[in-house]
Amino acid sequence: MEHILSDIFVNFAIIALLIAIAPILAKASKIPIVVVEMCLGCLGLYFGIFQASESLVLMAKVGFLFLMFLCGMEVDLRGFQNLGKKFLRNVVVYFCVLYGLSIALVLALGLNKIFIAAFPVMSLGMIMTLIKDYGKDKQWLELALRVGVVGEVVSIAALTLISGFYHYGNSWQLYESLAVLCVFIVAIVGLFWLFGILFWWFPNLKLYVMPYNDLSNQDIRFVMMLFIVLVALVLVLDLEAALGAFLAGMIVAIFFSYKHELVHKLNDVGFGFFVPLFFIYVGSTLDLGLLISNPTYIINGAYIACGMIAIRLIAANVAFAKYFNSTKAVTLFALSDSMPLTFLVATAKIASDWQAITQEVYYAFILAAMIEGVVFSITIKLLYTLWKQPKPASKHKGK
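Residues numbered from 1 in each chain as written. Predicted model: local features only at pLDDT ≥ 70, side-chain atom pairs only at ≥ 80, totals over all residues. Heavy atoms only, no water.

**Focus: the overall build of the protein chain**
- In terms of regular secondary structure, the protein chain is built from 17 helices and zero strands.
- Computed over the C-alpha atoms, the radius of gyration of the protein chain is 22 Å, within 12% of the 21 Å expected from 2.2 N^0.38 for a compact globule of 399 residues.
- In terms of overall dimensions, the protein chain has C-alpha extents of about 90 × 65 × 50 Å along its principal axes.
- Residues classed as buried in the protein chain amount to 48% of the 399 residues present.
- Counted over contacts in the protein chain with a minimum sequence separation of 6, partners at least 24 positions apart contribute 79%.
- Carbon and sulfur atoms make up 68% of the accessible area of the protein chain, which totals about 20400 Å².
- Each charge class in the protein chain can be summarised by its mean position, and for the 26 positive and 22 negative side chains these summaries are 19 Å apart. (Helix = DSSP H or I, 4+ residues; strand = E, 2+ residues; numbered from the N terminus. Rg over C-alpha atoms; globule rule 2.2 N^0.38 Å. Buried < 20%, exposed > 50% of the residue type's maximum accessible area, 1.4 Å probe, protein only. Contact = heavy atoms within 4.5 Å. Areas by Shrake-Rupley, 256 points an atom, 1.4 Å probe, with all protein chains shown as cover. Lys, Arg positive; Asp, Glu negative; His and termini not counted. Charge placed at Lys NZ, Arg CZ, Asp CG, Glu CD.)

And the structure:
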């Protein structure tokens, strides 16, 4: 038993070392850290630096769920009340065009149905990185953030539906599972409404759950309880575990937003270990030897990346051309919205777990995520720096 435990800890010690050096390599190479982590996982397993094991798979699943939890914490539903109906209509148009084009592309090319969910998938990870680089005051990034929040909610719903479809197939059990999902969502919405009223009438009630001056880490204890209980609940209901983690994060964001230090604590823990562990594991699922001997995998990944940016460029021009009144801003918005590294990897992993896609398609998805993270971020920098928009003509001509 101790020998097995020793092997596990040695394995994780090596992975912990890779996690520690990933930020250094990312800064030196200017490559997104997620891509660096996946590369380290791929190279680490290929050269035998660490070994694949059941314990690694289990910890990686925990890391993925914690990532979904952190994504949920970025969703502020209350903020959408101040956006206005016209803006929300544009967002609806954007998503309708996005999913419409995805369906048309899948049907026209005879692709796997998983692409209907994969092409429009969104996440906030790279958008938050761009905000750090360019500032939140840029109109195209502000819009990307708002649309990305909606996109994350839609993406997690799509992942849940995909999981149910591949779990049960087109059977009565699928519709039963969807009915359970609908009841669960209605119950959660009802609880949101109920606790919203309760906390409005008794605002100090929140402080009993998460006090300001907390010397016993009560906030961390409550959040971890919420995270584990909701994940366990959706698993008991035979739903996708990521849904429970995402909802737990949303609850924290909506009702306990005053605990700013809590968000920083959880982000530090999550992005300091659990999330990098997940991406290193994802990288380890890629067979480097197979990739070298089959360059078509890389070509297919590039095709997926091109397809994702193409449908976003069209959808962005349809929905937001008048909003921006600038081709450069529309293009930058579309590019910033085309790097859903976390959710694209998650979609591929869920589909792979249910054996809904072949190894070739799985590799293409992971490589597409890596290509988008590197190529699109470089493209954004080049366009932002070199593309000079003509200045509007002055209203006052020389007199």
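After that view, the rundown keeps rolling.
**Some thoughts on the nonpolar core**
- In this structure, Phe69, Tyr94, Phe333 and Phe365 are the most contacted members of the largest nonpolar core, which totals 121 residues.
- The contacts of Phe69, once residues within four sequence positions are left out, are Val223, Phe227, Ala245, Phe246, Ala248, Gly249, Val252 and Leu266.
- Ile19, Leu56, Ile280 and Tyr281 belong to the second largest nonpolar core, which has 14 residues in total. (Core = buried A, V, L, I, M, F, W, Y, C linked by side-chain atoms within 4.5 Å.)

**Details of a nonpolar patch on the surface**
- A surface patch of nonpolar side chains, amounting to about 1300 Å² of accessible area, comprises Leu191, Trp193, Leu194, Phe195, Ile197, Leu198, Trp200, Trp201, Phe202, Leu205 and Tyr208.
- Of all the elements in the fold, those that place two or more residues in the nonpolar patch are helix 8 (172-201) and helix 9 (205-209).
- Among the elements that take part in the nonpolar patch, helix 8 stands out by supplying eight residues, more than any other.
- Along the chain, the position of Leu198 falls in helix 8. (Patch = residues over 30% accessible without salt bridge, like charges linked within 9 Å, V, L, I, M, F, W, Y side chains within 5 Å. Salt bridge = Lys/Arg side-chain N within 4 Å of Asp/Glu carboxyl O.)

**Topic: helix 10 (residues 218-236)**
- Over its 19 residues, helix 10 extends 27 Å from the first C-alpha to the last, a length consistent with the 27 Å expected when each residue adds 1.5 Å.
- Buried within helix 10 are the following residues: Asp219, Val223, Leu226, Phe227, Leu230, Val231 and Val234. Burial along helix 10 is one-sided: seen end-on, the buried residues are contained in an arc of 115°. Facing away from the buried surface of helix 10 by more than 90 degrees, the exposed residues are Arg221, Ile228 and Val236.
- Immediately downstream of helix 10, the backbone of Asp238 shows phi near 65°, a positive value. (Expected span 1.5 Å × (residues − 1). Arc of directions from axis to C-beta.)

**What to know about the packing of aromatic side chains**
- Under the criterion given, the structure shown has 20 aromatic pairs.
- Summarising the aromatic geometry, the rings of Tyr297 and Tyr363 are spaced 5.4 Å apart at their centres and angled 85° between planes, so their arrangement reads as edge-to-face. Taken together, the positions of Tyr297 in helix 14 (residues 296-324) and Tyr363 in helix 17 (residues 359-386) put the pair 66 residues apart, joining distant regions of the chain. Tyr363 matches Tyr297 in its accessibility class, with the two residues each being buried.
- Connected via pairs of aromatic rings, a cluster forms that spans Tyr94, Phe95, Phe320, Tyr323, Phe324 and Phe333.
- Looking at Lys328, its charged tip hangs above the ring of Tyr384, at a distance of 5.5 Å from the centre. (Phe/Tyr/Trp six-rings, centres within 6.5 Å; stacked < 30°, edge-to-face > 60°. Lys NZ or Arg CZ within 6 Å of the ring centre and 35° of its normal.)

**Considerations on the packing of helix 15 (residues 327-336) against helix 17**
- It is at 10 Å that the axes of helix 15 and helix 17 come closest, and there the two elements cross at 165°. In terms of orientation, helix 15 lies roughly antiparallel with respect to helix 17. In this structure, helix 15 meets helix 17 at a crossing whose hand is left-handed. Of the residues in helix 17, those in contact with Lys328, Thr331, Leu332, Leu335 and Ser336 of helix 15 are Phe376, Thr379, Ile380, Leu383 and Tyr384.
- Counted by class, the contact of helix 15 with helix 17 contains six nonpolar, three polar and one charged residues. (Axes fitted to C-alpha atoms, helices over the stretch in contact; angles between N-to-C directions. Parallel < 35°, antiparallel > 145°, perpendicular 65-115°, else oblique. Left-handed = near helix turned anticlockwise from the far one by under 90°. Nonpolar A, V, L, I, M, F, W, Y, C, P; charged D, E, K, R; others polar.)

**Observations regarding the environment of Ile298**
- In this structure, Ile298 sits in helix 14.
- Judged by its relative accessible area of 43%, Ile298 falls in the partly exposed class.
- Remark: the alpha-carbon pair of Ile298 and Met126, spanning 172 residues in sequence, is separated by 21 Å.
- Those residues in contact with Ile298 that lie beyond four places of it in its chain are Leu367 and Ile371.

**Topic: the environment of Leu143**
- With respect to the secondary-structure elements, Leu143 resides in helix 7 (residues 139-168).
- Leu143 sits in the buried class, given a relative accessible area of 1%.
- Along the backbone, Leu143 and Leu5 are 138 residues apart, and their C-alpha atoms lie at a distance of 49 Å.
- Sequence-distant contacts of Leu143, defined by excluding residues within four places in its chain, comprise Phe87, Phe320, Tyr323, Phe324 and Phe333.

**Some details on a positive patch on the surface**
- A grouping of Lys85, Lys86, Arg89 and Lys322 is seen on the molecular surface, where their side chains present a positively charged patch.
- With three residues, helix 4 (residues 85-109) is the single largest residue contributor to the positive patch.
- Within the element layout of this structure, Lys85 appears in helix 4.
- Lys85 gets classed as exposed once you look at its relative accessible area, which sits at 70%.

**Thoughts on helix 14**
- At Val318, helix 14 is deflected by roughly 50°, the largest bend along its length.
- Positive phi appears at Asn325, one or two residues downstream of helix 14, with a value of about 55°. (Bend = angle between axes of the 7 residues up to and from the residue.)

**Some thoughts on the packing of helix 10 against helix 12 (residues 260-284)**
- Across the interface, helix 10 lies against helix 12 with an axial gap of 11 Å and an inter-helix angle of 60°. The orientation of helix 10 relative to helix 12 falls into the category oblique. Considering the relative orientation of helix 10 and helix 12, their crossing is right-handed. Contacts between helix 10 and helix 12 involve Asp219, Ile220 and Val223 on the former and, on the latter, Leu262, Lys265 and Leu266.
- Of the residues in the contact of helix 10 with helix 12, the class split is four nonpolar, no polar and two charged.

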